[in-house]
Amino acid sequence: MASNLSGNVMLKHQDVTIERIEKFLSDTYFVRENLYGKLVSIKSSEAVKVKVSPKVGRISYKDAIQLEYKDTKIGESFGPSWTNYWFKVTIDVPIDWKDKTIYFIWNSSCEGLIWMNGIAIQGLTGGTWQDLREEYKLIENSKGGEHFEFYVEISCNGMFGVGKDGLINPCDPDRTFELIKAEIRVKNKEANELYMYLQMLYDIGKNFPKESLRKKQAIWVANDIINKCNVNDCKTFSKCISIAKEFFSQHNSDSQTKVWAVGHCHIDLCWLWSFEKSKEKCARSFSTQILYMDYYPQFKFTQSQAQAYQWTKENYPELYERIKEKVITGQFVPTGGTWVEMDGNLPSGESFIRQFLYGQRFFKKEFGKQCTEFFLPDTFGYSAQLPQVIRHMGIENFITQKLSWNNLNKFPHTTFLWEGIDGSTVLTHFPPADTYNSQADVKEIVMSSTNNKDIDRCNQSMLLYGNGDGGGGPTIPMIERLSILKDTDGIPKVEFSTPAEFFKQLEPHRSKLNKWVGELYFELHRGTYTSQATTKRGNRLCEIELHTTEMLTSYCELFVEGFKSPNLSKLWELVLLCQFHDALPGSSITVCYEDILKYHQQVLTECKNIITQCMNHITGTLLKIDSLPTENKPHSEFVLAFNANDFEISRVIEIPKSTKDIQAQYINAIQTSYNGLPLGTVTLPPNGFSAINISTTGDDRTINRKPIHPVTAIEKDDGSGDCLIENQFISMVIGSNGRVKSLIEKSSNREVIKEGGSLGNRLIIFDDTCLFWDAWDQEIFSLEKPLSILEGSCKIIEKGPLRCVIQVHYNSIGLPSGNGSVNQTIVVHFNSARVDFETNVNWNEAHKLLRVDFDTNIRAKNANYEIQFGHIERPTHYNTSWDFARFEVVGHKWADLSEYDFGMALLNDCKYGYSTLGGRIGLSLLRSPKSPDDTCDMGSHKFTYSIFPHRGSLQSASVIKEGYALNNNFYISETPFSLASATHIDKTFISTNKEAIIVDTIKKAEDDNSYVVRIYESFGGGTTFNFTTSILPIPFKSIIECNGLEEVNESSKSYSFNDTIKINPFEIKTFRFINN
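Bear in mind that the values here come from a model prediction, so they are computed numbers and not experimental data.

Our focus in this paragraph is the packing of aromatic side chains. Throughout the structure, instances matching the rule amount to 66 aromatic pairs. With a centroid separation of 5.0 Å and 80° between ring planes, the pair formed by Phe 247 and Phe 248 is classed as edge-to-face. Looking at Phe 247, the relative accessible area reads 3%, which means it is buried. Ring geometry for Trp 271 and Trp 273: centres 5.8 Å apart, planes at 75°, overall edge-to-face. Take Trp 271 and Trp 273: they sit in the same class, and that class is buried. The rings of Phe 286, Phe 301, Tyr 309, Tyr 320, Phe 332, Trp 339, Phe 362, Phe 363 and Phe 367 are connected pair by pair, giving a single aromatic cluster. In this arrangement the basic side chain of Lys 187 is found over the ring face of Tyr 103, its NZ or CZ atom lying 4.2 Å from the centre.

You can see Asp 131 is positioned in the loop between β8 (119-125) and β9 (135-139). No salt bridge is formed by the buried Asp 131. Its closest oppositely charged neighbour is Arg 133, at 7.1 Å.

What follows concerns the sheet that holds strand β32 (residues 762-767). Spatial ordering of the open sheet is given by β33-β32-β38-β45-β44-β41, a layout of 6 strands whose pairing is antiparallel. A single partner strand is all that each edge strand has here, and the edge strands are β33 (786-789) and β41 (889-890). Here β32 pairs with β33 via 3 bridges, running antiparallel. Counted as the bridge partner of Ile 764 is Ile 789 from β33.

With that settled, consider a nonpolar patch on the surface. Nonpolar side chains collect at one region of the surface, where Leu 771, Phe 772 and Phe 781 lie side by side and expose about 320 Å² of accessible area between them. Here Phe 772 lies in the loop between β32 and β33. Phe 772 gets classed as partly exposed once you look at its relative accessible area, which sits at 46%.

What follows concerns the nonpolar core. With 304 residues, the main nonpolar core has Trp 106 and Phe 1027 as its most contacted residues. If we ignore the near neighbours within four places in the chain, the residues touching Trp 106 are Val 50, Phe 87, Val 89, Leu 124, Glu 134, Val 152, Ile 154, Leu 179, Lys 181 and Ala 182. Formed by 14 residues, the second largest nonpolar core is a distinct cluster that contains Trp 260, Met 462, Phe 502 and Leu 506.

Before going further, it helps to examine helix α8 (residues 317-329). Helix length check: α8, at 13 residues, gives a terminal C-alpha distance of 19 Å against a target of 18 Å (1.5 Å per residue), a fit within 8%. Among the residues of α8, those classed as buried are Leu 319, Tyr 320, Arg 322, Ile 323, Lys 326 and Val 327. Down the axis of α8, the smallest arc covering the buried residues is 160°, so these residues share one side. The exposed residues of α8 that point more than 90 degrees off its buried face are Glu 325, Ile 328 and Thr 329. Contacts made by the buried residues of α8 are with β8, α6 (275-295), α7 (306-315), β15 (332-334) and α9 (349-367). Backbone geometry just downstream of α8 places Gly 330 in the positive-phi region, at approximately 90°.

Taken in spatial order, the 5 strands make up an open sheet running β51-β52-β58-β55-β56, and their pairing is antiparallel. Both outer strands of the open sheet, β51 (997-1004) and β56 (1054-1055), are each paired with one neighbouring strand and no more. Packed on one face of the sheet, α9 meets β51 and β52 (1011-1017) and runs near 40° to β51. In this fold helix α14 (residues 533-559) packs onto β51, β52, β55 (1036-1042) and β58 (1068-1075), with an angle of close to 65° to the strand it touches most, β51.

On to empty space enclosed by the protein, then. Taking a probe equal in size to a water molecule and rolling it over the atoms shows the remaining empty space. The full count for this structure, using the stated rule, is 3 cavities of 30 Å³ or more. Size it by volume and the largest cavity reaches roughly 410 Å³. Lining the largest cavity are 27 residues, with Ser 348, Ile 544, Lys 893, Tyr 964 and Asp 1000 sitting closest to its centre. Going through the elements one at a time, α9, α14, β39 (862-867), α20 (959-967) and β51 are the ones with two or more residues in the lining of the largest cavity. Take the lining of the largest cavity: its biggest share by element is 5 residues, from α14. Among the residues making up the lining of the largest cavity, the classes are represented as 11 nonpolar, 9 polar and 7 charged. For the second largest cavity, the calculated volume is near 100 Å³. For the lining of the second largest cavity, the per-class residue count stands at 10 nonpolar, 4 polar and 2 charged.

Take the packing of α14 against helix α15 (residues 569-577) next. One can describe the packing of α14 onto α15 by two numbers: an axis separation of 11 Å at closest approach and a directional angle of 160°. One finds that α14 runs roughly antiparallel with respect to α15. For the element pair α14 and α15, the recorded crossing hand is left-handed. Each of Asn 539, Cys 542, Leu 546 and Glu 550 in α14 lies in contact with α15, whose residues at this interface are Leu 571, Trp 572 and Val 575. Looking at the contact of α14 with α15, its residues break down into 5 nonpolar, 1 polar and 1 charged.

All right, on to helix α4 (residues 213-228) then. The end-to-end C-alpha distance of α4, which contains 16 residues, comes to 23 Å, matching closely the 22 Å that a straight helix rising 1.5 Å per residue would cover. For α4, the full list of buried residues reads Arg 214, Lys 215, Ala 218, Ile 219, Val 221, Ala 222, Asn 223, Ile 225 and Ile 226. Buried residues along α4 sit in contact with α1 (14-25), α3 (189-207) and α5 (235-248). Near the N-terminus of α4, the side chain that reaches the backbone nitrogen of Arg 214, with its oxygen 3.3 Å away, is that of Ser 212.

Rules used in this analysis
- Residues numbered from 1 in each chain as written.
- Predicted model: local features only at pLDDT ≥ 70, side-chain atom pairs only at ≥ 80, totals over all residues.
- Heavy atoms only, no water.
- Phe/Tyr/Trp six-rings, centres within 6.5 Å; stacked < 30°, edge-to-face > 60°.
- Buried < 20%, exposed > 50% of the residue type's maximum accessible area, 1.4 Å probe, protein only.
- Lys NZ or Arg CZ within 6 Å of the ring centre and 35° of its normal.
- Helix = DSSP H or I, 4+ residues; strand = E, 2+ residues; numbered from the N terminus.
- Lys, Arg positive; Asp, Glu negative; His and termini not counted.
- Salt bridge = Lys/Arg side-chain N within 4 Å of Asp/Glu carboxyl O.
- Pairing = 2+ DSSP bridges.
- Patch = residues over 30% accessible without salt bridge, like charges linked within 9 Å, V, L, I, M, F, W, Y side chains within 5 Å.
- Areas by Shrake-Rupley, 256 points an atom, 1.4 Å probe, with all protein chains shown as cover.
- Core = buried A, V, L, I, M, F, W, Y, C linked by side-chain atoms within 4.5 Å.
- Contact = heavy atoms within 4.5 Å.
- Expected span 1.5 Å × (residues − 1).
- Arc of directions from axis to C-beta.
- Axes fitted to C-alpha atoms, helices over the stretch in contact; angles between N-to-C directions.
- 1 Å grid on protein atoms, 1.4 Å probe; cavity = no way out; pocket = protein on both sides within 12 Å on 5 of 7 lines; lining within 4 Å.
- Points joined across faces, edges and corners; volume = space filled by probe spheres on them.
- Nonpolar A, V, L, I, M, F, W, Y, C, P; charged D, E, K, R; others polar.
- Parallel < 35°, antiparallel > 145°, perpendicular 65-115°, else oblique.
- Left-handed = near helix turned anticlockwise from the far one by under 90°.
- Polar contact = N/O pair within 3.5 Å; in protein donor to acceptor, adjacent residues only side chain to side chain.

Below, the structure written as structure tokens:
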């Protein structure tokens, strides 16, 4: 009787079978018996001879081949961290390897680059991670006996730097890297092909739902292949491949999702490595992808960031020419449109504009066309003004995915219209595989369908695939998998694509899409609003100084004979580089911030020199400009003062020293500062200058006239040690410990500080230990754990009448380390309700957060926060998880908490992290994370925050003006000059007749002799306005509206200088001013 052999039929042991497939592919278990062990037919290390150079920095190929080389061997280690070595590799192919395809294998446990005949050929990534890239196809169809000589340059760092005992830990400066492989191989082609098919079958079996038909079929087919495969008999491989192909050749229906596969390489221009090392990463990544384009004509690779291309052009010119060739063929695709993938929260509005201006101009000049999509997959939140900026710069589409990392709420859309604060919309897509570094495996391809939240509206998804962060890009297995999975039943259809091709598929679905209005708030990495305070301060200062430099040089070119505006693009490019999304946010290693400090100092120094030159030029032309009467008139000493704000501003200043009668300045001073200098008051016109009479005697004196309503400061006589400061706008009590006990806004007779509350100017130290991402994350539970409130001691050091100053010294007892100091000068001027807290901190803490808050009587459901070119409302309550998630938010120069007809603004000169809950408004001042930079924020800091109580709305009370005034100092010439005492010179260059309309930028046009003026509506309401100037005759014959790229087209409107212009709420407008 015949028996039924049950072993011939797979039993229903699904989990066991899946593990069987896994072990058949394992590189660890049963390698002698499984398929993995048969992937290599033959290999030889004896055929490869390697010599090594001394350690070097990054040098050219030309210099490298002149180095002396000595023998080295497998097992030798190289270091320390960040050094480079060059290896001379000699290969003699064995005679009996005829007709073989031969691969060179190199693994030095670090990054490397193959050079042949002076050309960068392919990048290498050592180690054991999934980023491993250790093989290079040396030759196909070898004749046997070939001889090769070439070079390998290595950098002693891994793909993710040299962190000490962990990915994001501080750098280990003494890491070494072992050469573990240098050999040639012949691969078993059929074994490798079968291995890839089995991997995909395993992915289906492992990741599809348990009751999925295709899961069951995939497990059956894979199990059947294993049963039929004899790993010791290569003849069985072809039949097994046929079985796999039959499975993958079963096609989809027309309703299946279409996945547009975009090859991509995310290169952080700094992070766990320096800017310098990123230049090498660009070369390794780009050379590899160009090589793969030759292998696979269907393969397309997308790369953003003009800076990465510029570095390659400068340092690897031969490689750059090959990039340009592949751009022409359509395989190498520039994208993004910006100079770098910048932070999406912290740069100013003008910085956003410049990212696109310099990026798009670069792409147009180098490759003949601009980018059609904004590409920013890895930044830590997206300003509500970005949609308008994107559209203003000629782009309509946007790609990102970072919000998939949210730790509280899942973002509800995949493909949607994103609307900014002015109503501009951009078509937006979040690749539903929730990564910009997809491995292009079955799991992530399927996720591109199952996780598409708008699949009912638009059955199209983008897959961003390729190794990234540290560069690399797609691998050969990724490309081959996508080729096989072009149309397989149960798996979305796949097509190699570009961002532009993908958005063409989305466009017909636009009318069906949902709209998201306002910011794309990232519910993670809130600490990046505060980490690396010196960098954030440097960025703010550079933005301001470049603004001033452009305005002054534009003026001088118009009115100073022979003056030519310098090209400031290189300075801007340095600032834009430092706004990269791991630089400005504060999430990189120490060396990055050392570089950024140097870059910022370079920009500030060069701007200062240019500003000084301009001030001297303007001083030299004053008589010509104003036709001043000088004969038989008494003369006085003057200085030139320039105001780069688009507001008239009055300010108490230290009177510039006279060259004739310094003694009189001191004798006649109505107030001297606490450091002994005479004080005076200056009022300057918007975007303009005045000649300031610094004489303190005579009828024409203005700088030291007594105010009608002085400011006073007294110590209260009740023994409390409290100080009372009063001017015509406010009455304020500063407690003996430095806290604000009372603040009365006089016009409304309202008390700002909450009675029975926790007062104002509380400097609080919180525990700041996060869950993982140290420099990145500030967690809400930190606010549950205050450790101390700093206690100060006060004394009055200036008593008016121009300003009052209270000095507060906080002892170190409240600092957990017991090491450090906090000192403040609290300043109130006679002519403002603003109170400035000028703060100096010596900070030496670990995982601590310093915050200031003010507990107010104000009751409002929302607070307003300044962002780029406008402001937005956010809730002051935690009603929903979406509200709760925004416990720390971004604000630029100010945040305002107002109820009807009354409120208070909290302003700053270099901070960004705000929080408001109920009536309490606070500002994060300093953090102290220890990775990846263990020196983050250690040392001295100088900053100012201010409070501004007001009647009326933030608009009617001029909160916006106060933000600009706090952040922009006057520019005053160093050397006095003589003019008739009665001289009065006030010149406004270009302004408008409406306070709501802010002239944000005046600059020389990029391409011709016209001037570019950029304005925005700041109040949030539509209006009309006129440009104004006090310079006659008006130097401009016409004004032409253009886009942010300074492009004029057929629909561009033209105006005369005096025409009335309409503008919408929060709208940005750019104009070309055509000079006479």
